[in-house]
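Close look at the chain arrangement
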Amino acid sequence: MPTTGHHVDPRLLRAFLAVAEELHFTRAAARLYVAQQALSRDIRRLERELGAELFVRTTRQVTLTADGERLVPYARRVLDAQEALLAAFGQARPLLVDLNSPGLATGRRVLLRARELAPDHELMARYESGLTGAASEVLAGRLDASFGRFAGLSPALRAGLDHQPVRLEPMAVVLPEDHRLAALDAVPLDELAGEAVYAGAGNPRTPEWTDLARQLFEGRGIEVASPGPLAVGEEEFQRVMAKWRNPILVVVGFPGMPNTVLRPLVDPVPLSPVSLVWRKGLVHPGIDALRRAAAELSAARGWLRRPARAWVPDSDVAMMNAHV
């Protein structure tokens with residue numbers, strides 16, 4: 001096997017061992033809670049980095065090459081050493097997971113399931129309001145993971161982060177209970193023409209959400225409401241929104257507010273892309289548990305399926321498909 005000067009990501013070795021032990025890509029992908037296509041990409045990447053073919057693949061079977069057989073004990077020793085290191089240091093540190101805002105369901109469900117999968121590890125919730133704000137904290141090491149629209153981050157932020165698609169979350173509007181559209185069960189998007197809809201404009205922690213709104217409203221006669229006073233905390237946010245009386249762009253799981261109604265948007269159904277986001281190179285059993293939980297819930301609940309007449313920005317679709 002040729003030598004290489006590159007660092008070999010332990011995640012690639014874990015993928016290799018799963019395939020080596022199962023000799024079946026579908027079973028290995030299920031064991032790792034990843035898509036089979038993503039697993040195949042990881043194996044190809046490891047083969048490129050090592051300069052060696054590790055498996056012989058046919059339509060009937062998968063077998064190890066001589067180099068693959070030779071790699072098995074080395075891979076096991078590396079991963080055993082990593083586990084020993086985590087036992088000595090990494091497992092003692094809580095994993096800090098940003099859920100954006102209290103009451104939002106997707107990240108919270110993933111976190112609760114991850115705690116069930118890794119009961120011996122402490123996964124602590126934090127609330128940073130938006131992914132852009134959280135991403136800076138993740139890169140600085142003050143947070144470990146967050147949830148949100150990865151394609152909405154700047155390239156400079158994305159360069160230091162990795163992500164796993166979790167959900168395409170249907171979007172909705174919060175309306176004053178006496179609004180002209182409040183009596184509808186669902187609001188056709190074009191019915192918002194002429195409205196100024198609040199979407200976090202001016203909030204430096206949530207530009208990815210404002211950008212999603214602008215793309216959704218473009219050409220429909222809907223305005224993004226002008227920046228106003230930045231409300232901190234649920235009570236202040238509700239007070240300011242009640243004073244302004246603008247419709248508020250949210251997701252369907254947004255928590256209720258006094259004197260308002262929440263109505264899903266339709267024709268088309270706009271979807272907010274949600275990914276689990278973490279710092280590249282981060283090794284922690286809590287991240288493994290979060291990734292497993294996200295994959296499990298996404299598959300069980302159909303979170304990544306797109307309904308008929310759905311709307312998602314092309315840039316987000318491309319970025320999410322790269323991880324499918």
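Use the structure listed above.
Attention here is on the structure that accompanies the text. On a predicted model such as this, the values are computed, not experimentally measured, just so you know.

**Side note on the overall build of the protein**
Of the regular secondary structure elements, the protein holds 11 helices and 13 strands. When burial is assessed residue by residue, the protein has 47% of its 324 residues classed as buried. Taken as a whole, the protein presents about 15900 Å² of accessible surface, with 52% of it coming from carbon and sulfur. Averaging the locations of the 39 positively and 38 negatively charged side chains of the protein gives two centres separated by 3 Å.

**Quick look at the side chain of Asn246**
Inspection of the secondary structure puts Asn246 in the loop between helix H9 (234–244) and strand E10 (248–251). In this structure the side chain of Asn246 is engaged in a polar contact, spanning 2.8 Å, whose partner is the backbone oxygen of Ala196. Not counting residues up to four positions away in its chain, the partners in contact with Asn246 are Val174, Ala196, Tyr198, Ala225 and Met241.

**Thoughts on the packing of aromatic side chains**
All chains considered together, the criterion is met by 2 aromatic pairs. Taken together, a centroid distance of 5.5 Å and an interplanar angle of 45 degrees make the contact between Phe16 and Phe55 tilted. Of this pair, Phe16 sits in helix H1 (residues 10–22) while Phe55 sits in strand E1 (residues 55–57), placing them 39 residues apart in sequence. Neither Phe16 nor Phe55 differs from the other in exposure class; each is buried. A ring pair is formed by Phe25 and Phe55, whose centres lie 6.2 Å apart and whose planes are at 70 degrees; its orientation type is edge-to-face. Here Phe25, found in helix H2 (residues 25–32), pairs with Phe55, found in strand E1; they are 30 residues apart in sequence, far enough to count as distant. Exposure class is identical for Phe25 and Phe55. Each is buried. Pairwise contacts between aromatic rings join Phe16, Phe25 and Phe55 into one cluster. We note Arg77 situated over the ring of Tyr74; from NZ or CZ to the ring centre the distance is 4.9 Å.

The rules behind each value
Residues numbered from 1 in each chain as written. Predicted model: local features only at pLDDT ≥ 70, side-chain atom pairs only at ≥ 80, totals over all residues. Heavy atoms only, no water. Helix = DSSP H or I, 4+ residues; strand = E, 2+ residues; numbered from the N terminus. Buried < 20%, exposed > 50% of the residue type's maximum accessible area, 1.4 Å probe, protein only. Areas by Shrake-Rupley, 256 points an atom, 1.4 Å probe, with all protein chains shown as cover. Lys, Arg positive; Asp, Glu negative; His and termini not counted. Charge placed at Lys NZ, Arg CZ, Asp CG, Glu CD. Polar contact = N/O pair within 3.5 Å; in protein donor to acceptor, adjacent residues only side chain to side chain. Contact = heavy atoms within 4.5 Å. Phe/Tyr/Trp six-rings, centres within 6.5 Å; stacked < 30°, edge-to-face > 60°. Lys NZ or Arg CZ within 6 Å of the ring centre and 35° of its normal.

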